[in-house]
Amino acid sequence: MTAVAEDPNDWDAATRLIRGGLNRSSHGEMAEALYLTQSFAYDTAESADARFSGADTGFIYARYGSPTVKMFEDRLALLEGAQACRATASGMAAVHLALTGLVKAGDHVVSAKALFGSCRWILNTWAPRFGVETTLVDAPDLAAWRAAARPNTRLFFLESPANPLLEICDIAGVCALAREIGAKVVVDNVFATPIYQSPLKLGADVVVYSATKHIDGQGRVMGGAILGDAALLDDAYKDFARHTGPAISPFNAWILLKGLETLDLRVRRQTQTAAALVDQIAHHPRVKATRYPTRPDHPQYEIAQRQMTGGSTLIAFDVGTRAAAFRFLNALEIVDISNNLGDAKSMATHPSTTTHRSMTQEQRLEIGLTDGWVRVSVGLEGEADLARDVGRALDGLLANEL
Ligand SMILES: *Cc1c(COP(=O)(O)O)cnc(C)c1O
C-alpha cells in the first residue's frame, strides 16, 4: 500500500472515535489489543538505558504509560482537537492532577461555585493545607471573576454546564479575562461531553473529563482524562503523575476505548430523548421550573447557543419540596434512583440529599439548589417508555398536596 493521504485531523468526530489512535500489533487484530502488563522488557541493557534517558520513547512501566492506555489517550485527544491527553484512574484523579499541577503554595484560585462536590472539596478543604486559597464566584457573572482576581491568581476553574442545575458560564469570556491576568483555565467538560463543547477552542488551557460518565456510557469502569497543549501537559503533569501514580488500569482504558466508538451515537440519541422529555416535564402542572441548555427559559440560554453545539443528556427540574421529589423518585418503575450519569440506563437523583449533601444548606441556596430539585440522566431506553414512566411519577404528585 502507498503512503496514506488521510489526515485523521480532517475526520468527522464519528470517524475519529472509531479509527483514532488505533495501533495494531503484528497480528492485525480488529478490536484494539488489551495489553494487560505492568512492565516491558528491553532487548539489551543499552535499549533500557535509551528508554530511561528518553532517547527512545517506548514504554517503561504501566504507572508511566502503556499501549492500550495510549490508544485511549490518542483517540480522545484526536476527538477533542488537543495535542496531548493523559488518562487517569478516575475523573477525580484527573481534576486533582489538573488543578494541583498548576499551583504552588501562595497561589490563588478563582473557581465557579457550582461544582461537582469532590472538586469543591479539593479547593475548599485540601488545597488550603498546601497554602493555596480559593475564591468561589457566581460563574455566569463575568464581573465576579474579575473582582475575585488577585495579583497571585494563577488558575480559574469551572464546570459548564454545571452539576446539578446545568448552570452555564461564558467560557470564552472567562478565558479572555484569565489571559489578561496571566492565569490558566481548567474546564471540567463532563456534562457537555466532547461532542457538544470544545473548551480548548474557546481559549481554555486544560480540559478534564470523568470518563466514568458518557465515555464509558454503560456503567462499568472508572476513568478520567486531562487534555491540552503537549508542552503544558509535560511541564505541569508528567512527573507529578509518574511519581504519584493516578494511572488508569489498561483494562479500564480498553473498556473506555471501546466506549468512545459509540460516544457520538449514544450522546446524540440520549440528548434527543432528553429534549423531548424535558418539554413534557416543563408542561406538567406540578413542575415549578426546568433547566435544560437548549430551552429558551434556561437563564444562560444565549451563552449555551453560542458555545455549545447541542443540548444535554441531563435534565433538572423542581417539584417544590423534598417530599414531592422523594415521592416522584419512588414512583419511577423504569428509571433507576442513582447518582451516576451518562449511562445507557436512565437514572434520577435528588441532589440535595445525595451528590450535594456535603454542602451546607446556605451553600446550596447560593447555587439555587432547593430541596425540590430532581436531576435525571437520560439513557438509551425508548422515548415513549421513559415519557410514560416520568409522566406517571409526576401525575402521582397531583393527588397529593406536598
Ligand atoms: C463524576 C464527575 C466527576 C468525578 O469523576 P469520577 O470518575 O467519579 O471520579 C467530576 N466532575 C463532574 C462534573 C462529574 O460529573
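This write-up is about the structure you can find in this document. Because the structure is a prediction, the values reported are computed rather than measured.

Close to the ligand lie 14 residues, the nearest being Met-92, Asp-188, Ser-210, Thr-212 and Lys-213. At 2.8 Å from an oxygen atom of the ligand is found a main-chain nitrogen or oxygen belonging to Gly-91. At 2.6 Å from an oxygen atom of the ligand is found a side-chain nitrogen or oxygen belonging to Thr-212. Relative to its unbound accessible area of 380 Å², the ligand is 93% covered by the protein chains. Of the residues that constitute the shell around the ligand, the class distribution is six nonpolar, five polar and three charged.

So, on to the pattern of salt bridges. Applying the stated criterion to the full structure yields 19 salt bridges. Notably, a salt bridge pairs Lys-113 with Glu-366, separated by 3.5 Å at the nearest N-O pair. On the criterion of sequence distance, the pair formed by Lys-113 in the loop between β2 (108–112) and α5 (117–126) and Glu-366 in helix α14 (residues 361–366) is long-range, its members being 253 residues apart. A salt bridge links Arg-150 to Glu-133, with the shortest nitrogen-to-oxygen separation between them at 3.5 Å. Placement of the pair is Arg-150 in the loop between α6 (142–148) and β4 (153–159) and Glu-133 in strand β3 (residues 133–137), with a sequence separation of 17 residues. Taking the relative accessible area as the measure of exposure, Glu-133 reaches 48% and is therefore partly exposed. Ionic contacts of the salt-bridge type, sharing partners, join the residues Glu-32, Arg-75, Lys-258 and Glu-261 into one network.

So, about the packing of aromatic side chains. What the rule picks out here adds up to seven aromatic pairs. Seen from their ring centres, Tyr-61 and Tyr-64 are 6.5 Å apart, and the 85° between their planes marks the pair as edge-to-face. With relative accessibility at 37%, the residue Tyr-61 sits in the partly exposed group. Among the residues examined, Tyr-64 registers a relative accessible area of 24% and is labelled partly exposed. Ring centres of Trp-126 and Phe-130 lie 5.4 Å apart, and the angle between their planes is 65°; this geometry places the pair in the edge-to-face category. Using a relative accessible area of 48% as the deciding quantity, one classes Phe-130 as partly exposed. Pairwise contacts between aromatic rings join Trp-121, Trp-126 and Phe-130 into one cluster.

A separate point is unusual backbone geometry. Excluding glycine, residues mostly have negative phi values, and the peptide bonds linking residues are mostly trans. The linkage connecting Ser-160 with the following residue, Pro-161, adopts the cis geometry, with an omega of -10°. Looking at the secondary structure, you find Pro-161 in the loop between β4 and α7 (171–181). Unusually for a residue other than glycine, Leu-166 sits at a positive phi of about 55°. Tracing the chain through its elements places Leu-166 in the loop between β4 and α7. You can call Leu-166 buried: its relative accessible area is 0%.

Taken together, the five strands give an open sheet; going across it, the order is β8-β9-β12-β11-β10, and neighbouring strands pair in mixed fashion. For this open sheet the edge positions go to β8 (289–291) and β10 (336–337), each flanked by a neighbour on one side alone. Sheet topology note: the β10/strand β11 (residues 347–349) ladder contains two bridges and is parallel. In the strand pairing of β11, Ile-337 is matched with Ala-348.

Rules used in this analysis
Residues numbered from 1 in each chain as written. Predicted model: local features only at pLDDT ≥ 70, side-chain atom pairs only at ≥ 80, totals over all residues. Heavy atoms only, no water. Near = heavy atom within 4 Å. Polar contact = N/O pair within 3.5 Å; in protein donor to acceptor, adjacent residues only side chain to side chain. Areas by Shrake-Rupley, 256 points an atom, 1.4 Å probe, with all protein chains shown as cover. Nonpolar A, V, L, I, M, F, W, Y, C, P; charged D, E, K, R; others polar. Salt bridge = Lys/Arg side-chain N within 4 Å of Asp/Glu carboxyl O. Helix = DSSP H or I, 4+ residues; strand = E, 2+ residues; numbered from the N terminus. Buried < 20%, exposed > 50% of the residue type's maximum accessible area, 1.4 Å probe, protein only. Phe/Tyr/Trp six-rings, centres within 6.5 Å; stacked < 30°, edge-to-face > 60°. Pairing = 2+ DSSP bridges.

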